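# Structural features, examined
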Amino acid sequence: MLGAAEDCGWLFWRVMACGRPSGDRKRQVILFILCICVCQSGAETLRYSLPEEMESDFFVANIAKDLGVPLSQLAARKARVVSEGNEQLFRLNQNTGVLTAKESLDREEICPQSDTCTLVFKIFFENPLQLIRGEVEVRDVNDNSPVFPEKEMVLEILETASPGSRFPLESAQDKDVGINGLQNYSLAPNPHFSLSLGTGKNGVKYAELVLQRQLDREEQGELNLLLTATDGGSPPRSGTAQVRIVVVDANDNIPVFERESYEVRLAENSPLEQLVVRVAATDPDEGSYGKVRYAFTQTSERSRQLFQLNPTTGEIRVAGKLDFEEAKSHTMVVKATDGGGLSAHCKVQVEVLDENDNAPEIALTSLSASIPEDAPPRTVVALFSVRDRDSGDNGRTECSIDGDLPFSLTPTLDNYYELRTNAALDRERTAEYNITITATDWGRKRLSSQESIFVQISDVNDNPPEFTQEIYTMSVTENNSPMLRIGSMKATDADAGINARVNYALVRQEGKEQPEVSVNAENGDVYILRPLDYEKVRSFEVTVSAADGGSPPLSAQAVLRIVVRDENDNAPVLLHPGPDSSAAGELVPRWAPSGYLVAKVVAVDADAGQNAWLNYELAKATEPGLFRVGLHSGEVRTARAVTERDAARQRLIVLVRDRGQPSRSATATLAVALVDGFSEAHLRVSKEAPAAEPDGPLTLYLIASLVCVSALFLVTAVAALVVKVRRARRSETETLPTFPTTATESSAGSLPRSYVYDVCFAAGTVNSEFRFLRPLFPCFPAGLPPGPGEQRSSVCSQDAANLGAEGDWTAQGSAPLSEDTGPRAAGAVCPANRELELNVSSEQNPWPRPPGAAADRGSSAQLQSSAAPAILAGGAAPSRAAPLGGRQAVSAAPSGLQRRRSGLWKRMKPRKSEEPLPGRAAALLLVLCVSGMRAETARYSVPEEAERGSFVANIAKDLGLTGEELLARQARVVPEGEKQYLQLNQHTGDLVVREQMDREELCGQSEPCLVRFEVLLESPLQSFRAEVRLTDINDHAPVFLNREIVLTIPESAMPGTRFLLERAHDPDVGNNSLQHYSISSNEYFHVYTQRRNDGGRYAELVLDRALDREQQAEVLFIITAVDGGNPPRSGTALIRVVVLDINDNIPVFTQTLYKISVMENSSEDTIVVAVSASDLDEGTNGEILYSIFQNSEEDLQTFKINPETGQIRLKKPLDYEEKKSYEIDVQATDGGGLSTHCKVEVQVKDVNDNAPEVIITSLTSTLSEAAPPDTVVALFNVRDRDSGDNGRTSCELTGEQPFRITLLAADAYALVTSETLDREQVEEYNVTVRARDEGSPALSASKTLLVRLLDVNDNAPTFTQAIYTMAMSENEPAGRSLGRLSATDPDAGENARVRYSVVPPPTGTLAAASFVSVDAESGTVRTLRPLDYEKVPAFEVTVSAADSGSPPLSAQAVLRIVVRDENDNAPVLLHPGPDSSAAGELVPRWAPSGYLVAKVVAVDADAGQNAWLNYELAKATEPGLFRVGLHSGEVRTARAVTERDAARQRLIVLVRDRGRPPRSATATLAVALVDDFSDAFHQLGHDPAGGQQPQVAEEEMLTTYLIASLCCVSSLFLLSVLVLTANTLCKARVRAELPPPSPSCYADGDFASDGVGMGSTGTLSPAYRYEMCLTSGSGRSEFQFVRPILPSLHSNAEAGLDKSEEPLRRSQPACDRDTQAGSTATPPF
């Protein structure tokens, strides 16, 4: 406790520090006097004490009595207790003056681990201000028992630990202090351990276990001890913990298997993960020494792949597919090793049981892929063998054919079968057979396999073609275009190939002309050769024949009936009146009644049916309503009675129209004269023409122009046609192929059917690959009659003799390629590209060579035009296209296997069905011979790895045959497997090695190793079985699986101990296999070779001398495995023996005591110290783990240690004020359980790490703005937990605020006001009190107090504007919001709540307040009723805003409302008046442009833009004659008035305002055009004669038609000229870009001159030709299109060639057509 003088000194300096910032000397004096008073009042400190854990409101002291203060002053001076801290622990009763504990006090919670616990409080008095300090000491009671951190402590101690070893125990914790704290430990009696007590420097007692007697794990593996901790209280308290001693075992036992050998039988194909066997080994040791792990040793690589061993459980499971055929048994050695490195071995023998898991295998030896449909029964189709790899019943097989098929199986050898036919075949019913052969074994679970054999039945021509109909009826419309396709005939042939290829031809009938129809020989399309005329030929019939391509050919016939359909191609022909007469004159009396017959028009039509039905119509008449025409009769009658007003001359035009589509028509003109007497008829008829042509000169000029333009267009067309004909004539002089002259000379049909495909490239495309073919012109045999000019040197005609007999077209499809048709033909086809040839060697020729044809392997033939038709016609087609020199070569040569299979049965197949008996006898003899073929099996031997070509045996000598017989009988070797290792020389009979054979690869460890095969002979069929044994050579050295073998042996192992080694593997067998082992010289081990039951050898390592790890940690030597070959081979491996250490050393610390100083502000995870201990042992025995031991809970929460590095780090920051020092016990334990200890003392250094604390004792959060100065706002204390200068503090206020701080006591302060307050300026204050200490660096703390000021109603509301102006539209509905008034009040709450109202106007003024209303809360102004702008354009009202204070304050403002005008009034006409229907105005005929006719005057009641008026002329009789001023409304003439203008004009003037939307009114003016004003009334009151208007309209219509016709003809002429010009320019440009034209692709032949009449290939003149043309520069492009070109015959018209090609030219690109047309040396195709 500080004395009074010292307290006053501290108080003096703090008062001076608080007064310095103000700088007021007067204030310092006042504070000094106040300090003296306070020091006098605080001269003493009250001290009290009470026990802990007392109940609430426990009596502490009587404050009033101790201070000598009357009880009445306690309440008057507002005495209260303030505790030091944030929590109030005491309560003062102002009525009694008694100080009590507010709640029960726990000393351990308030002052943990402190010897004394003192609570400080202050008693605060007001009026006058006085502060008294007091202290209460809380006395400790024994209310806590000692507690161990863990209820059970586990210690692991080696059984080899020596007596006297000490083992520290965890200390107990007691929260009490002094005599009530921990005093003693005791241990329950036991024969092995005693207890030793010690006291640390901090006075804490600890205990250690001392070993008194040697431990033995075999006697007792675990000990349980009871440890008791007792304190010194009265009565004493105690706590207990269980100490469990685990005796750690030493590795002195090896694992032991339950059995030395495990024998298991396992079925092959067992599923993966299936358990085979579980080996088990036990070790009496515990812990890591008793944990056994299993591994394979001395086990082959294949067995390791098939089986997997769980290293923990010892379960052996299936890991691969077991196959009895591959290996029948597996032997494995399992090694069990414990954690100390000791091991044992056992053997596992797995016998594989055979299962039926191999399906039979079908091997096809020979197959005839195609047999004719007339083949007799028992014809051999295929030969195959069946093999099953299983044994016993699982390997026995049987074969069958699925389905009901005309085939059967015949067994020949033991596993060979023949597939034969057993019935006649019919290709038309079944063209091919998919024969499925099923082979099934005899196993319990029968397995089967299938082989599908595809047999194709070749066709024989035994079916004639059949038409789908007996009579074909086709129709064609007359005037058809030439070569029009009208339909197709279809005939089918049940045969296939060339036998099913149908050719169509017309059957010529004697004595009849050649028909107008042609039939395409290939597809049966029917064409009409020339246009037909229905009026001449209405139908006709022809007979069509269909023949197949068989030999001999079969045919059928059908009738083709052609019906010609009529077309409306004839216009009606007038009989009366005659077409030569311009107009027929008729006389009609004036008295003629209605229905009077005037005349009759008679016409006929040459067409038939509806096309000949005629209708008569009155097209035109001078008086349309006077006459009518009968629709079907053509009678012209009067429609009404003739009157005097009818014109005397009438002109009628009668239209005669048929009902065709499109309809055709003719017109008849009648001139009718209305006469009183028939004597005036001639005169009136002659004067009628001038009256009908009022515009004669204009019409005449138009007709003349139309005639001139039409004539010019016709002349141009004729000139173009002449040029075209001349060009066609020049083209006809080129060389063209010749067509046959007579259709009867060829049986190929009515259309040319021979197509030749050729490939031509443009310049620059030599290196590109051709992709498309095209048909050329047909080639004709040389025997056909020549055409005109004897030009018959075409491609095919030059070598017709090579293609077949004369006139035989089918020979082209089967003609072989020869040199006779090579270069010359290829050059003729495409001379521009002669360098590009398609070479096909004789070996690659896809077409069959005829028997006897010479084959020259060294020569090559060029592909010519006669080869392609075979492909198109269904002949032999190439199977694939192979690259040949950068081009495409065609190849279809059969493989060698196919040739062998097809040749196998050629001599065995019966020749004809006429000889069934000899064939059957031969088959029977063959079966008898074959049955004895399998008597013996030939056996040979050859060393493995023999070179290719090595001699094995002479098969011919062994079979008793010569080399010629072997060759003749096509002897060959058929292997049992898929790979051919042996080869038979048919000339010498030697069997030689074809490919090297590796015995180890083929048979593995099996002995003997046999390669089986069969020798197959034909004619007759014989088979010999043989086998070759591969003898082993010493070609493999023994190999260890691992190049380095590592053994771990503890140094405690006894001499004589054996260790099994990994064995070496040698793929050789017999004496060449592994024989013995040896090791290099060393002083510890020797090797012993052992023999297994299966003959294999393995090695065991025997220890001769005890190992010592300290002398030598590793022993290295080499093991060698040697086989018995000559010379012997060997393999080596390095053995590395690792000596395992035992735990015979304890860890040792470098220091037993570590002293460390740490600053208290050190951060978390800061390194305090790193302890270090070492252990001489290795491995786990030398691995040291560090831990904190025997420490309090607080220390464990403060520090942590890295168990591996020994670094001690902070778990949380240190605090000097809480604890000044720590003592830590660290334990180091090795892997074997041995441990040692050291101590670490940590001293905490104090730093200025605690900022001052501002503790608010009392706070008035709200203060009236009318409060006077020096009003107390808050009381607070300042405290700093640091000591010395770090704990000295001073305080101040931040910022300029109306407050100041007053010192009350040593650490007590008051916050008071320093001036008057105004809430409207500042509503609240954030007063920040800052306390700063004198440490280095200085720390400070701030406390912010929020002081709110209460409002007083001292401000009136204020409008944001003095005058508010708002606008509204007229006619706006009531309730519409116009705006919002806004008034603000600086006050708050109810004082700031503003209410709005309208101030009533003075009496007698406009009631403007009734127009609008103001919302009292929001100030929103709304309309009360609609207003009219024309009545009230604007008004003003006064509004008031008042607050809710007491008394209320208010303010006023002016609200001005402006009404916006709306366009709600339409214009009103003043002139002309709205009541008059039309105002009449007179305008002279001489009125010039701009003459004022009238003025329209209008007004609008609206304002602004809504009242601006525009005048427009809405409608007028003559729109272009008048105009109206836009703004003036003046009606003036737009041009001078003419005589042609109508006398009466009606004008409608539209008057429109500019509002939105606009409103309008109309004024009507009637204007009369007069010569003088005297005729005004007459002109206005009468209409012009209406009889002239129809006549004027008719004249204008005729003029319009003439003008339109003239324009159309002129446009057509101009378009033709432009097209012709463009065509000419395009030709010129293409001709300039193309290379010089090549010579003709054909020899100098020509077309037949008589074309249709004499064509030998039918009645259709043009053949079909497809061409591929590439323009210049397109050599590398890949687009080609085929197109037909129809050549015309020479006998057609001069322009016939161009006409026939014109449709095709239009379908080509423009440049292609021009190129053809521009070339004079190249045919148009």
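For clarity, every value in this text was computed on a predicted model and none was experimentally measured.

Reading the values: rules and limits
- Residues numbered from 1 in each chain as written.
- Predicted model: local features only at pLDDT ≥ 70, side-chain atom pairs only at ≥ 80, totals over all residues.
- Heavy atoms only, no water.
- Helix = DSSP H or I, 4+ residues; strand = E, 2+ residues; numbered from the N terminus.
- Buried < 20%, exposed > 50% of the residue type's maximum accessible area, 1.4 Å probe, protein only.
- Contact = heavy atoms within 4.5 Å.
- Areas by Shrake-Rupley, 256 points an atom, 1.4 Å probe, with all protein chains shown as cover.
- Pairing = 2+ DSSP bridges.
- Axes fitted to C-alpha atoms, helices over the stretch in contact; angles between N-to-C directions.
- Phe/Tyr/Trp six-rings, centres within 6.5 Å; stacked < 30°, edge-to-face > 60°.
- Lys NZ or Arg CZ within 6 Å of the ring centre and 35° of its normal.
- Salt bridge = Lys/Arg side-chain N within 4 Å of Asp/Glu carboxyl O.
- Disulfide = S-S within 2.5 Å.
- Core = buried A, V, L, I, M, F, W, Y, C linked by side-chain atoms within 4.5 Å.
- pLDDT = per-residue confidence, 0-100.

### Side note on the overall build of the chain
- Helix and strand counts for the chain stand at 24 helices and 106 strands.
- Counting over 1725 residues, the chain shows a buried share of 42%.
- Within the chain, residue pairs in contact and separated by at least 24 positions form 68% of the contacts whose partners lie at least 6 positions apart.
- Approximately 88,100 Å² of the chain is accessible, and the part contributed by carbon and sulfur atoms is 52%.

### Re the sheet that holds strand E82 (residues 1262–1264)
- With respect to topology, four strands assemble into an open sheet ordered E82-E88-E87-E84, the strand pairing being mixed. One side of each edge strand has no neighbouring strand; the edge strands of this open sheet are E82 and strand E84 (1289–1293). Across the sheet, the mean angle separating the axes of adjacent strands is 30° when strand polarity is ignored.
- As paired strands, E84 and strand E87 (residues 1324–1333) are joined by five bridges and run antiparallel to one another. Looking at the pairing, Leu1293 lines up with Val1329 of E87.

### Brief notes about the sheet that holds strand E81 (residues 1253–1259)
- Spatial strand order, E81-E83-E86-E85: four strands in an open sheet with antiparallel pairing. For this open sheet the edge positions go to E81 and strand E85 (1299–1303), each flanked by a neighbour on one side alone. Looking at each pair of strands side by side, their axes are set apart by 30° on average, direction ignored.
- In the sheet, E85 pairs with strand E86 (residues 1308–1313) via five bridges, with the strands oriented antiparallel.

### Focus on the environment of Gln173
- With respect to the helices and strands, the residue Gln173 is situated in the loop between strand E9 (166–168) and strand E10 (182–187).
- When its relative accessible area of 27% is taken as the criterion, Gln173 is described as partly exposed.
- With sequence-adjacent residues up to four places away left out, Gln173 is seen in contact with Ser145, Pro146, Val147, Asn1191, Ser1192 and Glu1193.

### What about the environment of Ser1369?
- You can see Ser1369 is positioned in strand E90 (residues 1363–1369).
- C-alpha separation for the pair Ser1369 and Pro1433, spaced 64 residues apart in sequence, amounts to 10.0 Å.
- Not counting chain neighbours up to four residues away, the residues in contact with Ser1369 comprise Val1459, Arg1460 and Glu1462.

### Considerations on the packing of aromatic side chains
- Taken as a whole and judged by the stated rule, the model has 18 aromatic pairs.
- Between the aromatic rings of Phe467 and Tyr504, the centroid separation amounts to 6.3 Å while the plane-to-plane angle is 55°, which identifies the pairing as tilted. Of this pair, Phe467 sits in strand E32 (residues 466–467) while Tyr504 sits in strand E36 (residues 503–507), placing them 37 residues apart in sequence.
- The class of Tyr504 is buried, set by a relative accessible area of 3%.
- Centre to centre, the rings of Phe1359 and Tyr1364 are 6.1 Å apart; their planes meet at 70°, and the pair counts as edge-to-face. For the pair formed by Phe1359 and Tyr1364, the shared burial category is buried.
- The structure contains a cluster of three or more aromatic residues connected by ring pairs, namely Phe467, Tyr472 and Tyr504.
- Positioned above the aromatic ring of Tyr1088, the side-chain terminus of Arg1058 is 5.3 Å from the ring centre.
- Lying across the ring of Tyr1216, Lys1220 places its NZ or CZ 4.9 Å from the centre.

### Regarding the pattern of salt bridges
- Taken as a whole, this structure holds 63 salt bridges when the rule is applied.
- Salt-bridge contacts for Glu208 lead to Arg166; the nearest nitrogen and oxygen are separated by 3.1 Å. With a gap of 42 residues between them, Glu208 in strand E12 (residues 205–211) and Arg166 in strand E9 connect regions that are remote in the sequence.
- For Glu208, a relative accessible area of 18% corresponds to the buried category.
- Across the pair Arg1532 and Glu1530 runs a salt bridge, and its minimum N-O distance is 3.0 Å.
- Of the residues examined, Arg1532 reaches a relative accessible area of 24% and is grouped as partly exposed.
- When salt bridges that share partners are traced, they join Arg999, Glu1000, Glu1007, Arg1029 and Asp1032 into one network.

### Regarding the state of the cysteines
- Taken as a whole, this structure holds two disulfides when the rule is applied.
- Between the sulfur of Cys111 and that of Cys117 lies a disulfide, 2.1 Å long from S to S. Between Cys111 and Cys117, the S-S torsion sits near 60°, and that sign places the bridge as right-handed. As far as burial versus exposure is concerned, Cys111 and Cys117 are alike and both buried.

### Some words on unusual backbone geometry
- The amide bond that connects Ser1336 to the next residue, Pro1337, takes the cis arrangement and shows omega of -5°.
- By secondary structure assignment, the location of Pro1337 is in the loop between E87 and strand E88 (1340–1350).
- In this model, Ser1446 is joined to Pro1447 through a cis peptide bond whose omega is -5°.
- In this structure, Pro1447 sits in the loop between strand E96 (1434–1442) and strand E97 (1450–1460).
- Its identity is not glycine, yet Glu945 carries a phi of approximately 65°, on the positive side.
- For Glu945, a relative accessible area of 29% puts it in the partly exposed group.
- With a phi angle near 55°, Gln970 is a residue other than glycine that sits in the positive phi range.

### Some remarks on the pairing of strand E95 (residues 1420–1423)
- With three bridges joining them, strand E91 (residues 1377–1380) and E95 adopt antiparallel strand pairing. Within E95, the position partnered with Ser1377 by the bridge is Arg1422.
- Bridge count for strand E94 (residues 1412–1414) against E95 is three bridges, and the pairing is antiparallel. Of the residues in E95, the one forming a bridge with Ser1413 is Arg1422.
- Here E94 folds back onto E95 in antiparallel fashion, the turn holding five residues, of which Gly1419 has a positive phi close to 80°.

### Notes on the nonpolar core
- Judged by nonpolar contacts, the single largest core of 26 residues is most densely connected at Tyr940, Val952, Met997 and Phe1013.
- When residues of this core are traced back to their parent elements, those giving at least two are strand E56 (937–943), strand E57 (951–954), helix H16 (955–959), strand E59 (982–984), strand E60 (990–993), strand E61 (1009–1017) and strand E62 (1022–1031).
- Looking at this core element by element, the count peaks at five residues for E61.
- The residues touching Phe1013, leaving out its near neighbours within four places in the chain, are Tyr940, Val973, Val974, Pro975, Glu976, Leu982, Leu991, Phe1024, Arg1025, Ala1026, Glu1027 and Val1028.

### Overview of the confidence of the model for the chain
- Of all residues in the chain, 76% have pLDDT values of 70 or greater, and the mean over the chain is 76.
- Counting interchain partners and residues more than four positions distant, the pLDDT-below-50 stretch residues 35–43 has 12 contacts.
- The low-confidence segment residues 1637–1725 (pLDDT under 50) makes 240 contacts with residues lying over four places distant or belonging to another chain.

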